[in-house]
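Residue strings, one per chain:
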Amino acid sequence: MAVTNVSGGAWAAARADLVGGWRQRELWGHLGWQDIRQRYRRSVLGPIWITISMAVTAVALGVLYAGLFGNPLEKQLPYILVGFIVWAFISGCILEGADVFIANEGLIKHLPAPISVHVYRLVWRQTLLFAHNLIVYAVMLMVFPRALHWSSLMAFPAFALLALNGAWVALLFGMASARFRDLNPIIGSLVQLTFFLTPVVWIYDDLLNSPNPTTAERARIAEVNPFLHFIEIIRRPMLGESLVWHSWVIVLAITVVGWVVTLWALRRYRSRVSYWV
């Protein structure tokens, strides 16, 4: 009975941490916005630099890869641009998530708040960056008009799924990195490698439909890359393309499994984070 009570108390504490952190929306919302303002405090253009940087990178790579793959610029550039916007959110949640508790050591030790506050702050900050980058997307739609349909509204639940996964990734990786500091550089290297293995700048459907059967067969290997599905569920509706429902199923399955594992880890190790940092 004692073991059951301890286990039940740990689950209640983990649940209370997530709920309590969510209720402090005014705190982490303000901190997330201040993070962006602080980063560009002395610049003239401020957060607009986020948009400019994204636009320059996407245009440069769009021109480069359009030439390499022999695709028209109006096809390659929007694909790369939206892929970059989504990838920036995903990689930001992973890389900053691995450092979320270490970077907030002072607040964790001196501010009596749930540790999930720092995760919500991170996801909110990445959401604000994503919103800034949508300015580039709006300009792209004016330069290269796309036929958007009602299915394009699926981009909203797709982004909600990205945010949900960003939260559990930050929680899980944040706790693991606080305990094992060598994980940070490992995660950084893996994210860089994964970028090249994920169809962010190369068009998956083109390789899949290649007249070369060897190329088409190798392209199918990308299906085992979960990042492909996370990008596709939001990029396709944003570009007015048809939805690929099996990608939604895979993302939903990853969301459920990820949160189950994270809740288990939060139950066991939440109280130790303040000691590890």
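Treat the numbers as computed from the prediction; the structure is a model and nothing was measured. (Residues numbered from 1 in each chain as written. Predicted model: local features only at pLDDT ≥ 70, side-chain atom pairs only at ≥ 80, totals over all residues. Heavy atoms only, no water.)

This model, assessed by the stated rule, comprises 13 aromatic pairs. Plain terms: the ring middles of tryptophan 22 and tryptophan 28 are 5.7 Å apart, the flat faces sit at 40° to each other, and that makes the pair tilted. Ring centres 5.0 Å apart and planes at 55° place the aromatic pair phenylalanine 89 and phenylalanine 159 in the tilted group. Here the residue phenylalanine 89 occupies a position in helix 4 (residues 73–98), and phenylalanine 159 occupies one in helix 8 (residues 155–179), the gap between them amounting to 70 residues. Like phenylalanine 89, the residue phenylalanine 159 is buried in the burial classification. Over the aromatic face of tyrosine 79 sits the side chain of arginine 235, whose NZ or CZ is 3.6 Å from the ring centroid. (Phe/Tyr/Trp six-rings, centres within 6.5 Å; stacked < 30°, edge-to-face > 60°. Helix = DSSP H or I, 4+ residues; strand = E, 2+ residues; numbered from the N terminus. Buried < 20%, exposed > 50% of the residue type's maximum accessible area, 1.4 Å probe, protein only. Lys NZ or Arg CZ within 6 Å of the ring centre and 35° of its normal.)

This next bit is on the side chain of histidine 229. Inspection of the secondary structure assignment puts histidine 229 in helix 12 (residues 226–238). One polar contact links histidine 229 to serine 247, side chain to side chain, over a distance of 3.0 Å. In this structure histidine 229 touches Glu223, His246, Ser247, Ile250 and Val251, once residues within four positions along its chain are discounted. (Polar contact = N/O pair within 3.5 Å; in protein donor to acceptor, adjacent residues only side chain to side chain. Contact = heavy atoms within 4.5 Å.)

Looking at the largest pocket, its volume works out to about 390 Å³. What lines the largest pocket is a set of 18 residues, among which Ile90, Ile94, Trp168, Val169 and Phe227 lie closest to the centre. At the level of secondary structure, the elements contributing two or more residues to the lining of the largest pocket comprise helix 4, helix 8, helix 9 (183–197) and helix 12. Among the elements that line the lining of the largest pocket, the one with the most residues is helix 8, at six residues. Looking at the lining of the largest pocket residue by residue, the classes come out as 15 nonpolar, three polar and no charged. (1 Å grid on protein atoms, 1.4 Å probe; cavity = no way out; pocket = protein on both sides within 12 Å on 5 of 7 lines; lining within 4 Å. Points joined across faces, edges and corners; volume = space filled by probe spheres on them. Nonpolar A, V, L, I, M, F, W, Y, C, P; charged D, E, K, R; others polar.)

With the rule as written, the count across this model stands at eight salt bridges. Where aspartate 35 meets arginine 121, a salt bridge forms, and the shortest distance between an N and an O atom there is 2.7 Å. In this pair, aspartate 35 is assigned in helix 2 (residues 25–39) and arginine 121 in helix 7 (residues 116–143), connecting sequence segments 86 residues apart. Aspartate 35 is the partner of arginine 125 in a salt bridge, and the nearest nitrogen-oxygen pair spans 2.5 Å. (Salt bridge = Lys/Arg side-chain N within 4 Å of Asp/Glu carboxyl O.)

Residues of the protein chain with pLDDT of at least 70 account for 94%, and the chain-wide mean is 85. Model confidence for the protein chain, summarised as mean pLDDT per element, is weakest for helix 1 (residues 2–23) at 70 and strongest for helix 8 at 93. With pLDDT under 50 throughout, residues 1–6 is counted as low confidence; its partners more than four residues away or in other chains account for zero contacts. (pLDDT = per-residue confidence, 0-100.)

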